[in-house]
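Residues per chain are reported as follows:
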Amino acid sequence: MFDPVKIRSEFPIFSHHPELIYLDNAATTQKPEAVIRATSDFYQKENANIHRGIYELAANASQKYEQVRRTVASFIGAERPESIVYTSGTTEGINLVAQSFLAGRLQPGDEVVISAMEHHANLIPWQQVCKMQGAKLRVIPVSEAGEIDLAVFKKMLSERTKMVALVHVSNTLGTINPVEEMIEMAHSRDIPVLLDGAQSVAHYPLDVQALDVDFFVFSGHKIFGPTGTGILYGKPEHLENMEPVTFGGDMINSVSFETTTFAAVPQRFEAGTTNIAGVIGLGAAIDFLMKFDKNDILAHLKNLTETATDALRQIDGLKIIGTAQNKSAIVSFTLGNVHPHDVATFLGSENIAVRAGNHCTQPLMDFYGLPGTTRASFSIYNTAEEALRLAEALKDIQRFFA
Amino acid sequence: MNEQLKALYKTVILEHNARPFHFEKKEDAGHVLEAYNPLCGDRFQVFLEVKNGVVTEACFHGYGCAISKASTSVLVKNLENQPVEKAQELCRSFLKMTNPDSQEPVEMAEEFMAFSATRDFPGRLKCATLSWEEMTLFLEKQTVENEN
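Residues numbered from 1 in each chain as written. Chains lettered and ligands numbered in written order. Predicted model: local features only at pLDDT ≥ 70, side-chain atom pairs only at ≥ 80, totals over all residues.

1. Observations regarding the overall build of chain A
Okay, so step 1: Looking only at helices and strands, chain A has 15 helices and 15 strands in total.
Okay, so step 2: Within chain A, the proportion of its 402 residues that are buried is 50%. (Helix = DSSP H or I, 4+ residues; strand = E, 2+ residues; numbered from the N terminus. Buried ≥ 20, exposed ≤ 12 C-beta atoms within 10 Å, placed from the backbone.)

2. Some remarks on the overall build of chain B
Okay, so step 1: Of regular secondary structure, chain B possesses five helices and four strands.
Okay, so step 2: Traced from its N-terminal end to its C-terminal end, chain B shows the element sequence α-β-β-β-α-β-α-α-α.
Okay, so step 3: Compactness check: chain B gives a C-alpha radius of gyration of 15 Å against a globular reference of 15 Å for 148 residues, within 12% of the reference.
Okay, so step 4: Once the C-alpha set of chain B is aligned to its principal axes, its extents read approximately 50 × 35 × 25 Å.
Okay, so step 5: In chain B, of all internal contacts separated by at least 6 residues, the share reaching a separation of at least 24 is 59%. (Rg over C-alpha atoms; globule rule 2.2 N^0.38 Å. Contact = placed C-beta atoms within 7 Å.)

3. Details of unusual backbone geometry
Residues and elements named next belong to chain A.
Okay, so step 1: Here the bond from V265 into P266 is cis, since omega is 5°, no more than 30 degrees from zero.
Okay, so step 2: One can find P266 in the loop between β10 (260-262) and α11 (276-290).
Okay, so step 3: At N351, a position not held by glycine, the phi torsion is positive, near 65°.
Okay, so step 4: Structurally, the position occupied by N351 is in the loop between α13 (340-349) and β13 (352-353).

4. With respect to the sheet that holds strand β11 (residues 318-321) of chain A
Residues and elements named next belong to chain A.
Okay, so step 1: Pairing is antiparallel across the open sheet formed by four strands, whose spatial order is β11-β12-β15-β14. Only two strands of the sheet have a single partner each, and these edge strands are β11 and β14 (355-357). Here the strands of the sheet are splayed against their neighbours by 30° on average, with no regard to which way each runs.
Okay, so step 2: Its contacts with the sheet place α13 against β12 (330-335), β14 and β15 (373-377), and it is angled at close to 160° to β14. (Pairing = 2+ DSSP bridges. Axes fitted to C-alpha atoms, helices over the stretch in contact; angles between N-to-C directions.)

5. A word on the nonpolar core
Okay, so step 1: Formed by 151 residues in total, the largest nonpolar core has its most connected members in V193, L194, F215, Y233 and I280 of chain A together with V46 of chain B.
Okay, so step 2: The dominant element in this core, judged by the number of residues it contributes, is α11 of chain A, at nine residues.
Okay, so step 3: Both domains that meet at this core, namely domain 1 (4-30 + 293-401) and domain 2 (35-290) of chain A, each give it at least three residues.
Okay, so step 4: If we skip the residues at most four places from it in the chain, Y233 of chain A touches I76, A78, S83, I84, V208, F215 and F216 of chain A. (Core = buried A, V, L, I, M, F, W, Y, C linked by C-beta atoms within 7 Å. Domains from an automatic or database assignment.)

6. Quick notes on the domain arrangement of chain A
Residue and element names in this part refer to chain A.
Okay, so step 1: In terms of domains, chain A is made up of domain 1 (4-30 + 293-401) and domain 2 (35-290).
Okay, so step 2: Here domain 1 and domain 2 have C-alpha centroids that lie 28 Å from each other.
Okay, so step 3: Contacts between domain 1 and domain 2 engage 26 residues on the former and 27 residues on the latter.
Okay, so step 4: For the side of domain 1 that touches domain 2, the secondary structure elements donating two or more residues are α12 (294-313), β12 and α14 (362-368).
Okay, so step 5: When residues of the side of domain 1 that touches domain 2 are assigned to their parent elements, the largest contribution, four residues, is made by α12.

7. Digging into the environment of S200 of chain A
Residue and element names in this part refer to chain A.
Okay, so step 1: Examined against the element boundaries, S200 turns out to sit in the loop between β6 (193-196) and α9 (208-211).
Okay, so step 2: Considered as a pair, S200 and S328 are 128 residues apart in the sequence and their alpha carbons are 8.4 Å apart.
Okay, so step 3: Beyond its immediate stretch of four places on either side in the chain, S200 contacts H168, V169 and L206.

8. What to know about helix α15 (residues 384-401) of chain A
Residue and element names in this part refer to chain A.
Okay, so step 1: End to end, α15 covers 26 Å across 18 residues, agreeing with the expected 26 Å (1.5 Å per residue, within 8%).
Okay, so step 2: Listed as buried for α15 are E386, A387, L390, A393, L394, I397 and F401. Across the axial projection of α15, the buried residues extend over an arc of 120°, all falling on one side. In α15, the exposed positions angled more than 90 degrees off the buried face are occupied by E385 and R399. (Expected span 1.5 Å × (residues − 1). Arc of directions from axis to C-beta.)

9. Comments concerning the sheet that holds strand β3 (residues 54-63) of chain B
Residues and elements named next belong to chain B.
Okay, so step 1: In spatial order, the strands read β1-β2-β3-β4; together these four strands make up an open sheet with antiparallel pairing. Because the sheet does not close on itself, it has two edges, and the strands there are β1 (31-37) and β4 (82-83).
Okay, so step 2: Here strand β2 (residues 42-51) runs beside β3; their pairing, made up of nine bridges, is antiparallel. When the sheet's bridge partners are listed, R43 is paired in β3 with Y63.
Okay, so step 3: Its contacts with the sheet place helix α2 (residues 66-79) against β1, β2, β3 and β4, and it is angled at close to 165° to β3.

10. Topic: the pairing of strand β7 (residues 215-219) of chain A
Residues and elements named next belong to chain A.
Okay, so step 1: Taking burial as the measure, the five residues of β7 include five buried ones, the bulk of the element.
Okay, so step 2: Across the two faces of β7 the burial is the same, with F215, V217 and S219 and F216 and F218 all buried.
Okay, so step 3: Bridging between β6 and β7 involves three bridges; their strand directions are parallel. If you follow L195 over to β7, its bridge partner there is F216.
Okay, so step 4: Here β7 runs beside strand β8 (residues 230-234); their pairing, made up of five bridges, is antiparallel. Note on β8: the bridge partner recorded for S219 is G230.

11. Re α12 of chain A
Three or four residues apart is the spacing at which side chains of an α-helix point the same way, because the helix has 3.6 residues per turn.
All names here are of chain A.
Okay, so step 1: Across its 20 residues, α12 extends 28 Å between first and last C-alpha, which sits within 8% of the 28 Å expected from 1.5 Å per residue.
Okay, so step 2: Regarding α12, the residues found buried are I297, H300, L301, L304, T305, T307, A308, A311 and L312. End-on, the buried residues of α12 take up no more than an arc of 165°, which puts them together on one face. Exposed and oriented more than 90 degrees from the buried face of α12 are N295, A299, D310 and R313.
Okay, so step 3: Considering only its buried residues, α12 is in contact with α1 (4-8), β11, β12, β15 and α15.

12. What about the packing of helix α4 (residues 56-76) of chain A against α11 of chain A?
A pair of packed helices is captured by two measures, namely the crossing angle of their axes and the spacing between those axes.
Residue and element names in this part refer to chain A.
Okay, so step 1: Viewed as axis vectors pointing N to C, α4 and α11 meet at an angle of 40°, and their least axial separation amounts to 9 Å. Classified by the angle their axes make, α4 and α11 are oblique. At the point where α4 passes α11, the crossing takes the left-handed sense. Taken together, the residues of α11 that come into contact with α4 (itself represented by A61, K64, Y65, Q67, V68, T71, V72 and F75) are I276, V279, I280, L282, G283, I286, D287 and M290.
Okay, so step 2: For the contact of α4 with α11, the residue count by class is 11 nonpolar, three polar and two charged. (Parallel < 35°, antiparallel > 145°, perpendicular 65-115°, else oblique. Left-handed = near helix turned anticlockwise from the far one by under 90°. Nonpolar A, V, L, I, M, F, W, Y, C, P; charged D, E, K, R; others polar.)

If you want it as structure tokens, here you go:
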């Protein structure tokens with residue numbers, strides 16, 4: 001039985017802040033005891049650097065670190081653990097693909113296709129690579145509701161398109177993009193696709209092989225894991241042909257002053273000492289998440305989204321931004337002329353944590369002609385009562401500013 | 001709702017937010033300052049005329065939260081007809097009053113003091129000081145240019 005109140009009790013932050021209504025899960029999720037303990041246990045009892053350590057502690061640390069790679073692979077349906085590259089987060093994963101996979105393939109006049117609802121992290125890396133190579137960044141428009149028109153997308157693809165980079169779930173609008181169809185359309189023209197799964201991987205059943213996606217990236221901290229951890233999945237044939245872009249220890253085969261040969265995939269992309277304790281924590285986060293049936297999670301979040309949306313719609317002057325048919329548990333809105341930061345400050349004083357601003361999607365805000373929105377984003381430990389409390393607090397704020 | 005927060009907004013901020021002082025564009029002004037906070041997107045332009053070391057006209061335009069809009073409004077209102085040195089003094093006092101690290105007590109008129117409450121809301125401090133900091137930089141340049 002899926003019980004958000006019981007789940008909430010597994011998150012120590014809520015014992016320290018019993019009044020906290022945490023609706024900022026799209027920014028980062030809270031951490032369950034199991035994740036905090038795994039990280040802290042590692043430092044207290046198991047800490048050593050990984051790879052080539054001969055003594056027992058180091059061997060065990062390496063083994064645990066590599067075990068998480070297998071956990072991640074099975075979590076997203078990757079063909080083998082070697083397809084899983086540890087990164088510091090979604091941002092690093094995308095930059096690595098842009099620099100290492102794409103830059104060398106781009107000729108002047110080539111095109112990269114992204115959508116208008118990309119997070120800056122899935123926009124700027126491509127924009128800069130295009131600029132460097134004299135290629136063009138093309139942007140799939142979104143409708144007023146925040147949806148992509150597949151026919152328009154299809155028309156944008158041509159023999160000049162060298163990459164499609166897409167957000168799975170929009171962090172600002174909550175739109176769930178029809179990525180299955182979009183990947184198929186791109187592949188029919190042999191165009192590789194990167195999927196930004198930062199907002200989707202915690203809640204949606206995901207199978208990178210079934211999706212046949214070329215690259216899949218996400219962050220650990222948005223799925224109950226530690227900050228500074230992330231995953232890049234790449235199809236083996238892509239990763240094998242990619243050169244590293246960060247050089248140093250731990251990523252080499254042999255080194256002389258004249259030349260270096262690099263380690264095999266994925267080590268060649270993991271230079272220096274990585275966030276070992278973080279990776280162990282990420283493993284614990286995935287173990288925690290895998291205890292639940294994702295269909296239960298989805299049903300719960302759908303219920304919360306509907307409760308919140310219905311309650312918010314009753315408020316005069318409140319406008320929901322992003323009304324896609326297929327939507328995740330992210331509700332962005334404007335409240336009359338009250339600035340989002342004023343809304344968030346007043347909500348904060350009522351212990352309701354939300355985010356306000358452009359949500360790292362400035363071009364999308366420009367499209368809607370908005371300086372920003374207030375955004376409530378829900379997770380497994382939120383309740384319908386919290387969604388209703390949000391609506392009540394918003395009514396007070398509206399009265400105050402009227 | 002939080003009483004302290006209500007008090008912060010009630011005094012001056014709601015009034016200036018609803019009815020800002022000289023809220024208009026003047027593209028051909030002698031000086032145009034831009035106060036922009038990339039972290040939140042607040043962006044105001046302040047239009048100034050300075051003649052013989054005196055601010056003769058001031059107005060502003062742009063978009064931001066209630067606190068940043070009101071604080072810019074109060075700034076613009078109190079600049080007009082002030083010699084640059086006086087304006088600098090005003091900016092210094094305001095920034096000292098809103099600085100949580102400053103121990104020195106600052107007495108200013110109620111209109112300014114309202115913003116001292118942002119010291120209790122660290123996330124909103126920049127909203128109060130954004131335009132004032134930009135103005136301080138501009139006024140410094142003015143005095144340097146005058147001296148040269």
